[in-house]
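Structure assessment
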Amino acid sequence: MVLKRPSFLPSLDELEQQAQNRSSQRGRPGSHFDHPTAKAVFLAILVITVIAHIVGGIVFLVMSG
């Protein structure tokens, strides 16, 4: 029994064309983020990670001394 693709889904040719269109659009030079929310989440996680390492280092210094 062969399953038919629902008619509301795009064809493979349409998906390929959409992917080529997206890849041809370049972001700002030097920018690795296509979406501003992704950049904000990355920076928030980076800040939290740095703060956690600093606090953890201080705690270990206090506990070892």
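Residues numbered from 1 in each chain as written. Predicted model: local features only at pLDDT ≥ 70, side-chain atom pairs only at ≥ 80, totals over all residues. Heavy atoms only, no water.

Details of the overall build of the chain
In terms of regular secondary structure, the chain is built from 2 helices and 0 strands. Taking the principal axes of its C-alpha atoms as reference, the chain extends roughly 70 × 40 × 15 Å. Split into buried and exposed, the 65 residues of the chain put 0% on the buried side. Carbon and sulfur atoms make up 67% of the accessible area of the chain, which amounts to about 6500 Å² in all. (Helix = DSSP H or I, 4+ residues; strand = E, 2+ residues; numbered from the N terminus. Buried < 20%, exposed > 50% of the residue type's maximum accessible area, 1.4 Å probe, protein only. Areas by Shrake-Rupley, 256 points an atom, 1.4 Å probe, with all protein chains shown as cover.)

Section: a nonpolar patch on the surface
A cluster of nonpolar side chains, Phe33, Phe42, Leu43, Leu46, Val50, Ile54, Ile58 and Val62, forms an exposed patch at the surface whose accessible area comes to about 730 Å². Mapped onto the elements, Ile58 comes out in helix α2 (residues 36-64). (Patch = residues over 30% accessible without salt bridge, like charges linked within 9 Å, V, L, I, M, F, W, Y side chains within 5 Å. Salt bridge = Lys/Arg side-chain N within 4 Å of Asp/Glu carboxyl O.)

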